[in-house]
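One letter stands for each residue in the lines below.
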Amino acid sequence: MSYSRISLLLLVGVAVMSISSEGQAGNHASAVLLVANKGDRTLGIVDPNAGRQVGTVAEEGTTGHEVVASPDGRRAYVPIYGNSGVGLPGTDGRNLVVVDIAARKVIGNVDFGHGVRPHCAVMGPKDGLLYVTTELDKTISIIDPLSLKIVGTIPTGQPESHMLAISPDGRRGYTANVGPGTVSVLDMEARKEIAVIPVAALIQRISVSVDGRLAFTSDQKKPQLAVIDTATNAIAKWIPLPAAGYGTAPTQDGRWLVVAMPTGNKVAVVDLVAMKVAHVIDVPAAPQEILIRPDGQIAYASCDASHKIAAIRTSDWSVEKLIDVGAGADGLAWAAAEASGH
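Here is a short report on the structure shown in this document. Nothing here was measured: the structure is a model prediction, and the numbers come from that model.

1. Looking at the overall build of the protein chain
Argument step 1. On a plain count of helices and strands, the protein chain comes out with 1 helix and 28 strands.
Argument step 2. Among the 342 residues that make up the protein chain, the fraction classed as buried is 58%.
Argument step 3. Partitioning the contacts of the protein chain with sequence separation of at least 6, the portion at a separation of at least 24 is 43%.
Argument step 4. Carbon together with sulfur atoms contributes 50% to the accessible area of the protein chain, which is approximately 13,000 Å² in total.
Argument step 5. The average position of the 29 basic charges and that of the 33 acidic charges among the side chains of the protein chain differ by 2 Å.

2. Here's the deal with the environment of proline 118
Argument step 1. Within the secondary structure layout, proline 118 lies in strand 8 (residues 118–123).
Argument step 2. Setting aside anything within four residues of it in sequence, one finds proline 118 in contact with Pro79, Ile80, Tyr81, Gly93, Arg94, Asn95, Phe112, Val132, Thr133 and Thr134.

3. Examining the sheet that holds strand 3 (residues 52–58)
Argument step 1. Reading across the sheet, the 4 strands line up as 3-2-1-28 and stay open at both edges, with antiparallel pairing between neighbours. The outermost strands of the open sheet, each flanked by one partner alone, are strand 3 and strand 28 (329–335). Across the sheet, the axes of successive neighbouring strands diverge by a mean angle of 25°, strand direction being ignored.
Argument step 2. Note that strand 1 (residues 32–37) and strand 2 (residues 42–47) share 5 bridges and pair antiparallel. By the bridge assignment, leucine 34 is partnered in strand 2 with isoleucine 45.

4. Concerning the sheet that holds strand 26 (residues 308–313)
Argument step 1. One open sheet holds the 4 strands; their spatial order is 24-25-26-27, and the pairing between them is antiparallel. The two strands at the open ends of the sheet, each matched to only one other strand, are strand 24 (287–292) and strand 27 (318–324). Across this sheet, the average inter-strand angle for adjacent strands is 25°, counted without regard to direction.
Argument step 2. As paired elements, strand 26 and strand 27 share 6 bridges and run antiparallel to each other. Within strand 27, the residue paired with arginine 313 across the bridge is serine 318.

5. Here's the deal with the pattern of salt bridges
Argument step 1. Tallied over the full model, the rule gives 16 salt bridges.
Argument step 2. Note that arginine 117 and aspartate 92 form a salt bridge whose closest N and O atoms lie 2.9 Å from each other. Taken as a pair, arginine 117 in the loop between strand 7 (105–111) and strand 8 and aspartate 92 in the loop between strand 5 (75–80) and strand 6 (95–100) lie far apart in primary sequence, 25 residues in all.
Argument step 3. Between aspartate 295 and arginine 293 there is a salt bridge, and its shortest N-O distance comes to 2.9 Å. A single burial state applies to aspartate 295 and to arginine 293, both of which are buried.
Argument step 4. Shared partners join several salt bridges into a network, and the residues in it are Lys38, Glu66, Arg205, Glu289, Asp304 and Asp330.

Reading the values: rules and limits
- Sequence order as written defines residue numbering, which begins from 1 separately in each chain.
- Local features in this predicted model are restricted to residues of pLDDT 70 or higher, and side-chain atom pairs are both shown and tallied only at a pLDDT of 80 or more, whereas totals for entire chains, interfaces and linings draw on every residue.
- Side-chain metrics rest on all non-hydrogen atoms present in the structure, leaving aside hydrogens and water.
- Numbering of helices and strands starts at the N terminus; helices are DSSP runs of H or I of at least 4 residues and strands are runs of E of at least 2.
- Under the scheme applied here, a residue whose accessible area is under 20% of the maximum for its type counts as buried, over 50% as exposed, and between as partly exposed, the area being computed with a 1.4 Å probe on protein chains only.
- Working rule for contacts: check all heavy atoms of both residues, and any pair within 4.5 Å makes them a contact.
- Computed with a 1.4 Å probe, the accessible areas rest on the Shrake-Rupley method; for each residue, only the protein chains presented here act as cover.
- Charge counting treats Lys and Arg as positive and Asp and Glu as negative, with His and both chain ends excluded.
- Throughout, a charge is located at the NZ atom of Lys, the CZ atom of Arg, the CG atom of Asp or the CD atom of Glu.
- DSSP-based pairing: two strands are paired if at least 2 bridges between them are found.
- The convention used is that axes are lines fitted to C-alpha atoms, helices contributing only their stretch in contact, and that angles between N-to-C directions extend from 0 to 180 degrees.
- In the sections that follow, a salt bridge refers to a side-chain nitrogen of Lys or Arg positioned within 4 Å of a carboxyl oxygen of Asp or Glu.

By themselves, these observations are geometric and do not establish any function.
Next up, the structure:
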């Protein structure tokens, strides 16, 4: 797919999605922001309006890196990875804990039966199932989030399948395979790997555009972002970054991609029409993950070395507030208003 073709598709997508998103901001008065505090081995619960962490839940394990919330906002699912980084020596986590967000306690557990280093949890956008990367098995494990039973697996064909992103229609999954520097393409319905895309010597994190046409992952050896055409399963473009990228997330209107850059202590904002960096924002040390609030007005960046989350306004791309959280702040999730019982 050519650069001009990508730009045309994104321009059309931005116009359509901007119209459809009007009036859908929602009420955030009772919603909470969740953060995996790796260093504290806790799940942090943040009041996004007050801008403070209002509670923590001990994970009862070492340690959760990522978190996802149930669609109704009542439960959080935290895979317990282990005490090391991806591909490094250390313990091999074998379970996932379930947290009642309102009650602030662990209420369930999924045991994978052996050490698998479960890492990234994603709710299926269409089927309501929970998908978890299980690195050491080179698989994605599929869990019924209500019964907490493992109901299937999807092979990734690669080691170190660390992060997972699922297309908006739920048909395709994409894993960032860190050490191999590849992306596995998964048929989520047939539960099989259908392609492996070579990207770079070492990569991290992955996201998919809101229209499902593009996937994004960051080269860890060079400061550049890989843009993958999901129709051809090939790299369509490289976008230079000010520093090596990490977590990424697209805004709901399809116009921007927000990129954490840990070594630069900055966040970059990529214009997905022009396909270049349009804004660079200073944030506290070691930004990891990016989460866009459902109304699209705030981008949250977890800052690992700083015990903080930066709340960035998307209207002018400035830091609105810094939120104090736990040590090793990493994975982020948004829990809908139902979590508080309102």
